[in-house]
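Reading the structure
Here is how the chains run, residue by residue.
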Amino acid sequence: MMVITNNLMRSSQSCSDVQPRSSSTRIPLSRGMRPGSKTVLGVSSVSRESWAENHSMKIELRKQKALQQVARRTISSSAPRQVNKVPEKQKLFQEDNGMPVHLKGGPADALLYRSTMVLTIVGAGYVVYELVKAAFPQKK
């Protein structure tokens, strides 16, 4: 194994962190490292032990947080109860008020109906125009 002092560039340091060396430039130390301590491939012996402890603590905290979230979710706080609107809609559409069924939905249905009729008439007019244009070609 190669032993490197922390004054040299660490192997885990990314290229963007590397700066040209000058007498006043210092390379940042990793967490838990002290100046002059020796490292093995960028990880000090002290930080390896503390890393393992920190890692296991983080895993335990994640598990505890997940358990708390599950415990918070109760039946009362789950999705709101949905009301069945089908009987109301059936009453609305079965009323005999002289309106066509495709307009009983309200103003949105009327708007859709009118826009469909306008597009149909415009499309039919364009088809007739193209047929007349094709029937009587331009003279050259």
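The protein carries the name Cytochrome c oxidase subunit 7A2, mitochondrial in an unreviewed UniProt entry, which gives Takifugu bimaculatus as its organism. UniProt annotates the protein under Subcellular location (unreviewed entry) with the comment "Mitochondrion inner membrane". Reading the Pathway (unreviewed entry) entry of the UniProt record for the protein gives the comment "Energy metabolism; oxidative phosphorylation."

**Quick notes on the overall build of the protein**
The secondary structure content of the protein amounts to three helices and three strands. Traced from its N-terminal end to its C-terminal end, the protein shows the element sequence β-β-β-α-α-α. Taken across its 140 residues, the protein has 9% of its residues classed as buried. Across the protein, the fraction of contacts at a sequence separation of at least 24, relative to all contacts at a separation of at least 6, is 31%. Element-wise, carbon and sulfur atoms account for 61% of the exposed surface of the protein, whose accessible area totals about 13,100 Å².

**Quick word on a nonpolar patch on the surface**
A surface patch of nonpolar side chains, amounting to about 240 Å² of accessible area, comprises Leu92, Phe93 and Val101. With respect to the helices and strands, the residue Leu92 is situated in helix α2 (residues 86-94). A residue is classified by how much of its surface remains accessible, and Leu92, at 32% relative accessible area, is partly exposed.

**Side note on the confidence of the model for the protein**
Looking at the protein, pLDDT values average 75 and 62% of them are 70 or higher. Taken element by element, the protein is modelled with least confidence in strand β1 (residues 3-5), mean pLDDT 46, and with most confidence in helix α3 (residues 107-135), mean pLDDT 96.

**Digging into the side chain of Lys104**
Tracing the chain through its elements places Lys104 in the loop between α2 and α3. Within the structure, Lys104 has its side chain in polar contact with the backbone oxygen of Glu95 (distance 2.5 Å).

Rules used in this analysis
Residues numbered from 1 in each chain as written. Predicted model: local features only at pLDDT ≥ 70, side-chain atom pairs only at ≥ 80, totals over all residues. Heavy atoms only, no water. UniProt positions renumbered as here; feature names shortened; annotations may be inferred. Helix = DSSP H or I, 4+ residues; strand = E, 2+ residues; numbered from the N terminus. Buried < 20%, exposed > 50% of the residue type's maximum accessible area, 1.4 Å probe, protein only. Contact = heavy atoms within 4.5 Å. Areas by Shrake-Rupley, 256 points an atom, 1.4 Å probe, with all protein chains shown as cover. Patch = residues over 30% accessible without salt bridge, like charges linked within 9 Å, V, L, I, M, F, W, Y side chains within 5 Å. Salt bridge = Lys/Arg side-chain N within 4 Å of Asp/Glu carboxyl O. pLDDT = per-residue confidence, 0-100. Polar contact = N/O pair within 3.5 Å; in protein donor to acceptor, adjacent residues only side chain to side chain.

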